[in-house]
Amino acid sequence: MVDRAIRPLFDAKVRNDVQVVTTVLSIDGEHDAATVALIAASCAVAISPVRWSGPIAAARIGRVNGEFVLNVTATQLFGKDTPSGRVNPTSDLDLVVAGAPDKLVMVEAGAKEVPEADMLRAMQWGCKELQPVLDLIKKVQSEVGLPKEELSSPDDVMMVADQVKAATRAFVFAQADNMIFDAVKISRQERKELVAALKVAAVAHLTEKGFDADVQEVGLKQIKEYLSEVITKRILDKEERLDGRALTEIRPLTIEVDLLPRVHGSAMFMRGDTQVLSIVTLGAPGDVQTLDTMEEEGTKRYM
């Protein structure tokens, strides 16, 4: 969850090895450690010299009696422990939002048939509630934060690089109708072929513009990024997607069960180019797994 939230905020062009490690020192079993870890990660990167587009904050949102609850507790989500198991959960929503009041970076959710309109309101409400945490992180950053690293290059080299990038981006955008949306492209292979074709055409275009081969690579490395911009712009402007789907249409899903003999269960799941084959084996009582984690205790017989 931490990775999914902070990763998009790093510059995709930077290849430095960055690790963010969070360690839980104490837990009460009621309050969520994951969102605290995400906030800690955001604060750590904010005060570091690493360049990124943060900070962000996170919160776990519940809904009890129709009212949203900030930092919902384990008891509200899962109920109370009794000799016969956990009973009486009161929240029908388990939603994690990460970002800022004006941007939602990551969302993770589970719910008991909560309407889509309520889920959207919960996301918006949760993002607004992140502001106090962001204020705290910015205060810490102002007091102990290190200066952010700057990438330095000679001005003339930077100017040529910017010119190559601008020329490449303009070329990719100009191919929106000719090469990108000229036909529906459904498979991953078709998209790879599109990127390859754009690079070949861009090389010819940049050569014609007078850019040497040794500087063209600066623009060619950005082809995928520029292609993503074109696709996103077409979705926002004309509600057209590269694979021909409507904005409210998901990829076809196919699920088949009982594919393999002599196993207790098997299933094949397919969505687009993604294929997942799952095999299940049921263990005898002697194979029971002991669960002794930070947030869960007990046994698990389903393997």
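Everything discussed here concerns the structure shown above.
For every chain, the first residue of its written sequence is number 1, and the numbers climb from 1 along that sequence. Owing to the predicted nature of the model, reporting of local features is limited to residues with pLDDT of at least 70; listing and counting of side-chain atom pairs is limited to 80 or more, with chain, interface and lining totals taken over all residues. As a convention, hydrogens and water are excluded, and side-chain values are obtained from all of the structure's heavy atoms.

Let's shift gears to the environment of Ser-42. Counting from the N terminus, the helices are the DSSP runs of H or I reaching at least four residues and the strands are the DSSP runs of E reaching at least two. Structurally, the position occupied by Ser-42 is in helix H2 (residues 33-47). For the pair Ser-42 and Ile-137, spaced 95 residues apart in sequence, the C-alpha to C-alpha distance is 8.0 Å.

Take the residue count of a helix, subtract one, and multiply by 1.5 Å to get its expected span. The terminal C-alpha atoms of helix H4 (residues 116-128), which comprises 13 residues, lie 19 Å apart, in line with the 18 Å expected from a rise of 1.5 Å per residue. The classification of residues rests on relative accessible area computed with a 1.4 Å probe and restricted to protein chains. Under 20% of the type maximum is buried, over 50% is exposed, and intermediate values are partly exposed. Turning to H4, its buried residues are Asp-118, Met-119, Ala-122, Gly-126 and Cys-127.

Moving on: the environment of Glu-67. If you trace the backbone, Glu-67 turns up in strand S2 (residues 67-70). Residue Glu-67 is classed as exposed on the basis of its relative accessible area of 56%. With 234 residues separating them along the chain, Glu-67 and Arg-301 place their C-alpha atoms 37 Å apart.

A separate point is the packing of aromatic side chains. Aromatic rings from Phe, Tyr and Trp, taking only the six-membered ring of Trp, are treated as a pair when their centres fall within 6.5 Å; an angle between ring planes under 30 degrees marks them as stacked, one over 60 as edge-to-face, and anything in between as tilted. According to the stated counting rule, one finds 2 aromatic pairs in the structure shown. Plain terms: the ring middles of Phe-10 and Trp-52 are 5.8 Å apart, the flat faces sit at 35 degrees to each other, and that makes the pair tilted. Of the two residues, Phe-10 sits in the loop between helix H1 (2-6) and H2 while Trp-52 sits in the loop between H2 and strand S1 (57-64), which places them 42 residues apart along the sequence. Look at Phe-68 and Trp-125: their rings are 5.7 Å apart centre to centre, the planes differ by 40 degrees, and that puts the pair in the tilted class. Within this pair, whereas Phe-68 is found in strand S2, its partner Trp-125 is found in helix H4, the two being separated by 57 residues in sequence. Phe-68 gets classed as buried once you look at its relative accessible area, which sits at 17%. Of the residues examined, Trp-125 reaches a relative accessible area of 26% and is grouped as partly exposed. By definition, being over a ring means that NZ of Lys or CZ of Arg is both within 6 Å of the ring centre and within 35 degrees of the ring normal. The ring of Phe-181 carries the charged tip of Arg-234 above its face, separated from the ring centre by 4.4 Å.

As a further point, take unusual backbone geometry. For the bond from Gly-54 to Pro-55, the omega torsion is 5 degrees, close enough to zero to count as cis. Structurally, Pro-55 is set in the loop between H2 and S1. The backbone of Asn-71 shows a phi angle near 55 degrees, a positive value even though the residue is not glycine. Take Asn-71: it is sitting in the loop between S2 and helix H3 (74-78). Residue classification places Asn-71 among the partly exposed positions, given a relative accessible area of 41%. Positive phi, close to 60 degrees, is recorded for Asp-258, a residue that is not glycine. Looking at the secondary structure, you find Asp-258 in the loop between strand S7 (253-257) and strand S8 (265-271). Of the residues examined, Asp-258 reaches a relative accessible area of 62% and is grouped as exposed.

Turning our eyes to something else, we now look at the sheet that holds strand S9 (residues 274-280). DSSP-based pairing: two strands are paired if at least 2 bridges between them are found. Strands sit in the order S7-S8-S9 across an open sheet of 3 strands; the sheet is antiparallel. Every other strand in the sheet has two partners, leaving S7 and S9 as the edge strands with one partner each. Direction aside, neighbouring strands of the sheet carry axes that sit 10 degrees apart on average. As paired strands, S8 and S9 are joined by 7 bridges and run antiparallel to one another. Each bridged residue has a counterpart across the sheet, and for Gly-265 the counterpart in S9 is Val-280. Helix axes use the C-alpha atoms of the stretch in contact, all axes being lines fitted to C-alpha atoms, and the angles between their N-to-C directions lie in the range 0 to 180 degrees.

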